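# Coordinate analysis (summary)
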Amino acid sequence: MMPAQADEDSERENLARLEHEIALLGEEVRAAKAHAPTLARVRFQYDDLARDLDLIRLGITEHLNAPRQPRPIEPLKGDYRR
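Here goes a summary of the coordinates provided. (Residues numbered from 1 in each chain as written. Predicted model: local features only at pLDDT ≥ 70, side-chain atom pairs only at ≥ 80, totals over all residues. Heavy atoms only, no water.)

## Considerations on the side chain of Q45
Put simply, the rule reads: Counting from the N terminus, the helices are DSSP H or I runs at least four residues long and the strands are E runs at least two residues long. Polar contacts, as used here, are pairs of N or O atoms within 3.5 Å; protein pairs need one atom able to donate a hydrogen and one able to accept it. Residues neighboring in sequence count only if both atoms are side-chain atoms. It only takes one pair of heavy atoms within 4.5 Å for two residues to be counted as in contact.
Looking at the element boundaries, Q45 is found in the loop between α1 (3-34) and α2 (46-65). Side-chain polar atoms of Q45 contact the backbone oxygen of R43, separated by 3.2 Å. Residue contacts for Q45: discarding those within four places in its chain leaves Y80, R81 and R82.

## Focus on the packing of aromatic side chains
This is how it is decided: Centre distance within 6.5 Å is the pairing criterion for rings of Phe, Tyr and Trp, where only the six-membered ring of Trp is used; planes under 30 degrees apart are then read as stacked, over 60 as edge-to-face, and the remainder as tilted.
Going through the model one piece at a time under the given rule, you end up with two aromatic pairs. Cluster of aromatic residues (ring-pair linked, three or more members): F44, Y46 and Y80.

Any link to function would need more than the numbers given here.
Take a look at the structure:
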C-alpha cells in the first residue's frame, strides 16, 4: 500500500469514528432536552444544537460517500441561548 493510500484510509476511519461519536452525542442532546427545566428564564436551545450536530454529521457522511468536489456548506447557528 502506498503512503498516500494509507493516509486516506486512516482519514476515512477517523471520520467514520467521528460520525459515529456525533450520532451518539446527538442522542445525549435529545435525552438532555427531555430532562431540561421548562420554566427556566434562559433556556438552552437543544433543537438548534441537535440541528448543528446533524449538519456536521451529514457533512462527514457526504464527504465519505461522495466524489471529491467542493460544495457549499450551511453555516452553524452557534448561539444556543435565548
